[in-house]
Amino acid sequence: MDLSRASWRTSARSGGNGCVEVAFVDRQVAVRDSKDRQGPVLLFTPAEWEAFLGGVGNGEFTIA
């Protein structure tokens, strides 16, 4: 997938310490490490992304 024109967004909650960036491209969701912008990119379908965000909102990924 060509991500050269992707419009990457960083979470407002990152606090400037680095975080993940997200871009919506060709009906997919691309995710990368904001500290390694040339590094690997994970691709998700919109349904996968919504499931992930729902899990985050429900506390499924809270580190105890």
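Quick caveat, the model's predicted, so the values are computed rather than measured. (Residues numbered from 1 in each chain as written. Predicted model: local features only at pLDDT ≥ 70, side-chain atom pairs only at ≥ 80, totals over all residues. Heavy atoms only, no water.)

Confidence in the prediction for the protein averages 90 pLDDT; 97% of positions are at 70 or higher. No element of the protein has a lower mean pLDDT than strand 1 (residues 9–10), which averages 90, and none a higher one than strand 4 (residues 42–44), which averages 97. (pLDDT = per-residue confidence, 0-100. Helix = DSSP H or I, 4+ residues; strand = E, 2+ residues; numbered from the N terminus.)

Glancing now at the sheet that holds strand 4. Hydrogen bonding along the main chain pairs the strands of a sheet, whether they run parallel or antiparallel. In spatial order, the strands read 1-2-3-4; together these four strands make up an open sheet with antiparallel pairing. Two strands close off the open sheet at either side, each with one partner strand: strand 1 and strand 4. Judged from the six bridges that link them, strand 2 (residues 20–25) and strand 3 (residues 28–33) form a sheet pairing that is antiparallel. Note that in strand 3 the partner of Glu 21 across the bridge is Arg 32. (Pairing = 2+ DSSP bridges.)

Turning to the pattern of salt bridges, a few remarks are in order. For the coordinates displayed, the defined rule picks out three salt bridges. Residues Arg 32 and Glu 21 are paired through a salt bridge, measuring 2.6 Å at the closest nitrogen-oxygen approach. In this pair, Arg 32 sits in strand 3 while Glu 21 sits in strand 2, placing the two residues 11 residues apart along the sequence. Take Glu 21: its relative accessible area is 3%, and that puts it in the buried class. Within the structure, one salt-bridge network assembled from shared partners comprises Glu 21, Arg 32 and Arg 37. (Salt bridge = Lys/Arg side-chain N within 4 Å of Asp/Glu carboxyl O. Buried < 20%, exposed > 50% of the residue type's maximum accessible area, 1.4 Å probe, protein only.)

What follows deals with the layout of surface pockets. Computed from the structure, the largest pocket encloses a volume of approximately 500 Å³. If you trace the largest pocket, you find 16 residues lining it, with Ser 11, Val 20, Trp 49, Phe 52 and Leu 53 closest to the centre. Of all the secondary structure elements, the ones that give two or more residues to the lining of the largest pocket are strand 1, strand 2, strand 4 and helix 1 (46–57). For the lining of the largest pocket, the residue count by class is 11 nonpolar, two polar and three charged. (1 Å grid on protein atoms, 1.4 Å probe; cavity = no way out; pocket = protein on both sides within 12 Å on 5 of 7 lines; lining within 4 Å. Points joined across faces, edges and corners; volume = space filled by probe spheres on them. Nonpolar A, V, L, I, M, F, W, Y, C, P; charged D, E, K, R; others polar.)

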